[in-house]
Amino acid sequence: MTRLFGTDGVRGEANGLLTADLALRLSQAAAVVLGHRRTPADKRPVAVLARDPRVSGEFLSAAVEAGLASSGVDVYDAGVLPTPAAAFLVADFNADFGVMISASHNPAPDNGIKFLGAGGHKLDDAVEDEIEVQIGEPPLLPTGADVGRVQRFSDAEDRYVVHLLQSLGGVSLEGLRVVLDCAHGAASGCSPEAFAAAGAEIVVIGAEPDGLNINDGYGSTHLERLQEAVVSHGAHIGIAHDGDADRCLAVDHTGALIDGDQIMGVLALALKEAGTLKDNTLAVTVMSNLGLKLGMAAAGIDLVETAVGDRYVLEAMRAGGYSLGGEQSGHLIFADYATTGDGVLTGLQLAARVAATGKPLKVLAEEAMTRLPQVLINVKGVDKAKVKNHQVVQEAVTAAEMRLGEHGRVLLRPSGTEPVVRVMVEAPTADLAQAESQVLADVVKAELAL
């Protein structure tokens, strides 16, 4: 049987894979696994529920509420809020677990259900497996006074915004003009509220969700409108969220992209300067640009590399007690303030660094790192299982690495879901990166073809 949970909860097309019936059964199973099994017998479990604004979230949240309450869990419905807000509220409210209904940066027809454990942490695979097993068991259906209650979490957004502002440590954004692109998503209310309360002059785009326009031409996957708005409004910085606002990409005053690696570099230097970068270490994935590693090494900051995925960054951060980590895509995790990637928090911290230093974001990014040209080729129709141990392929990788030297990098990574090998090369020039990646892609195709 195919595992129901993917890398980020249960996700699929609403009313396709993800039906109201499945949402109900998932929630009833979670009520047992995350609630009753992990709380004292005399305590009724409590869950926090939030969603992004896509239209299917309305019926799915109703099904989740019904499933949880019917199995004896009290539900606090926080309404439309970012994923990191849900995680924060689980911890802040001392709830037993949380549920976030979102498909992040996916288009409106998709949706997803993600469960958060006590403290707002993502679930381990083993706990997700428990929930899957429990779905096959008869649901827990108490009666009378033992059924759960559902109520509106009336101050949820206020709590989250106050938390965000406290993370600034008194730094004001007064004098900064900031363009915010909220992707017509979950941050459409709280991100402008937080930036304005911090003192910034804000220009807001992509903040009119209608349930169908989430991520449609706006947000971190469509930066063109943000780039245009930053330049036309003479803004100091632009911030782009995705649908559930767990990531952040930025634009400098010239309209140039500042990606997750550059943001991490800027903020790692800020934390090191403040003495709060634990062990002077930054946690990143293997996809982070070599330029980040070189820039951080020059600044006396070590990198810990993980597999691709924010859950693996989180695992490394928790194991080492590190304070900052993230991905090139803009998922940044500040362990002192959050248990998951938080795009609004990241945007505020980045703007605060610009305000505190008086330097343009472009200059801060250049001081942190020089981004090397990176080329990625997906080689399809190959036996991905053989890539790590195939002699000819590995000899080709070694030869490419020798040609590139210390200012280049090669990464061959099998896809997790398709017969595809991803060939990534970084080099001092785009032409060299393209040439070397094509050579390796041709070898992989010739040697591993199915």
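All values derive from a computational prediction rather than experimental measurement.

Q: Can you explain the overall build of the protein chain? Please cite residues and give values.
A: Helices and strands together make up the secondary structure of the protein chain, namely 14 helices and 18 strands. A globule of 450 residues ought to have a C-alpha radius of gyration of about 22 Å, and the protein chain, at 23 Å, matches this closely. By principal-axis analysis of the C-alpha atoms, the protein chain measures approximately 75 × 60 × 40 Å. Within the protein chain, counting contacts between residues at least 6 apart in sequence, those at least 24 apart form 72% of the total. Summed over its atoms, the accessible surface of the protein chain is roughly 18,100 Å², and 51% of this surface lies on carbon and sulfur atoms. One finds the centroid of the 35 positive side-chain charges in the protein chain at a distance of 3 Å from the centroid of its 59 negative side-chain charges.

Q: Go over the sheet that holds strand β15 (residues 332-334) with me, naming the residues and quoting the values.
A: Spatially, 4 strands are ordered β13-β12-β14-β15 in an open sheet, and the strand pairing comes out mixed. The open sheet is flanked by β13 (302-306) and β15, the only strands paired with a single partner. Going across the sheet, the axis of each strand differs from the next one's by a mean of 20 degrees, ignoring polarity. Bridge count for strand β12 (residues 281-285) against strand β14 (residues 324-326) is 2 bridges, and the pairing is parallel. For valine 284, the partnering residue across the bridge sits in β14 and is glycine 326.

Q: Could you give me a rundown of the packing of aromatic side chains, with the residues and numbers involved?
A: In total, this model carries 5 aromatic pairs according to the counting rule given. Geometrically, the ring pair formed by phenylalanine 5 and phenylalanine 115 is tilted, given 6.4 Å between the ring centres and 55 degrees between the ring planes. Note that phenylalanine 5 is positioned in the segment before β1 (10-13) and phenylalanine 115 in strand β5 (residues 110-116), a separation of 110 residues in sequence. In this pair, the class of phenylalanine 5 matches that of phenylalanine 115, namely buried. When the centroid spacing of 6.0 Å and the interplanar angle of 70 degrees are considered together, the rings of tyrosine 76 and phenylalanine 153 count as edge-to-face. Within this pair, whereas tyrosine 76 is found in strand β3 (residues 74-80), its partner phenylalanine 153 is found in the loop between β6 (150-152) and α5 (156-166), the two being separated by 77 residues in sequence. Both residues of the pair, tyrosine 76 and phenylalanine 153, belong to the buried class.

Q: Account for the side chain of aspartate 8, with residues named and values stated.
A: Locating aspartate 8 in the fold gives a position in the segment before β1. Within the structure, the side chain of aspartate 8 is placed 3.4 Å from the side chain of lysine 122, a separation counted as a polar contact. Every residue in contact with aspartate 8, bar those within four places of it in the chain, is listed here: Lys114 and Lys122.

Q: So, the nonpolar core: which residues are in play, and what are the values?
A: Counting residues in each nonpolar core, the largest one holds 66 residues, and the members touching the most others are Leu173, Phe195, Ile239, Leu282, Val344, Leu348 and Leu350. Counting residues per element, this core draws most heavily on helix α11 (residues 343-357), which supplies 7 residues. For leucine 348, the residues in contact, after removing those within four places along its chain, are Leu164, Leu168, Leu173, Ala194, Phe195 and Ala198. The next biggest cluster of nonpolar side chains, apart from the first, holds 28 residues, and it includes Leu34, Ala47, Val64 and Leu123.

Q: Account for helix α13 (residues 391-404), with residues named and values stated.
A: In a regular helix each residue adds 1.5 Å, so 14 residues correspond to 20 Å; α13 covers 20 Å between its end C-alpha atoms and thus fits that length. Phi turns positive one or two residues past the end of α13, at glycine 405, with a value near 70 degrees.

Q: Describe the side chain of aspartate 246, with residues and values.
A: Considering the arrangement of structural elements, one finds aspartate 246 in the loop between β9 (237-241) and β10 (248-251). Here aspartate 246 is buried and forms no salt bridge, its nearest opposite-charge partner lysine 114 lying at an N-O distance of 4.6 Å. Looking at aspartate 246, its side chain comes within polar contact range of the side chain of histidine 331, at 3.2 Å. Those residues in contact with aspartate 246 that sit more than four places away from it in its chain are Pro84, Ser104, Gly330, His331, Gly341, Asp342 and Gly343.

Q: Got a sec to walk through unusual backbone geometry? Specific residues and values, please.
A: Residues other than glycine seldom take positive phi values, yet asparagine 15 does so here, at roughly 70 degrees. With respect to the helices and strands, asparagine 15 occurs in the loop between β1 and α1 (20-35). Here the phi dihedral of asparagine 280 falls at roughly 45 degrees; this positive angle occurs in a residue that is not glycine. Mapped onto the fold, asparagine 280 is located in the loop between α8 (260-274) and β12. Its relative accessible area of 31% is what places asparagine 280 among the partly exposed residues.

Q: Any details on the pattern of salt bridges? Residues and values, ideally.
A: Summed over the entire model, instances satisfying the criterion amount to 26 salt bridges. Here aspartate 8 ties to lysine 114 by a salt bridge, and the two come within 3.2 Å at their closest N and O atoms. Pair noted here: aspartate 8 is in the segment before β1 and lysine 114 is in strand β5, with a separation of 106 residues, a long-range link. Comparing aspartate 8 with lysine 114 shows no difference in burial state: the two are buried.

Rules of the game
- Residues numbered from 1 in each chain as written.
- Predicted model: local features only at pLDDT ≥ 70, side-chain atom pairs only at ≥ 80, totals over all residues.
- Heavy atoms only, no water.
- Helix = DSSP H or I, 4+ residues; strand = E, 2+ residues; numbered from the N terminus.
- Rg over C-alpha atoms; globule rule 2.2 N^0.38 Å.
- Contact = heavy atoms within 4.5 Å.
- Areas by Shrake-Rupley, 256 points an atom, 1.4 Å probe, with all protein chains shown as cover.
- Lys, Arg positive; Asp, Glu negative; His and termini not counted.
- Charge placed at Lys NZ, Arg CZ, Asp CG, Glu CD.
- Pairing = 2+ DSSP bridges.
- Axes fitted to C-alpha atoms, helices over the stretch in contact; angles between N-to-C directions.
- Phe/Tyr/Trp six-rings, centres within 6.5 Å; stacked < 30°, edge-to-face > 60°.
- Buried < 20%, exposed > 50% of the residue type's maximum accessible area, 1.4 Å probe, protein only.
- Polar contact = N/O pair within 3.5 Å; in protein donor to acceptor, adjacent residues only side chain to side chain.
- Core = buried A, V, L, I, M, F, W, Y, C linked by side-chain atoms within 4.5 Å.
- Expected span 1.5 Å × (residues − 1).
- Salt bridge = Lys/Arg side-chain N within 4 Å of Asp/Glu carboxyl O.

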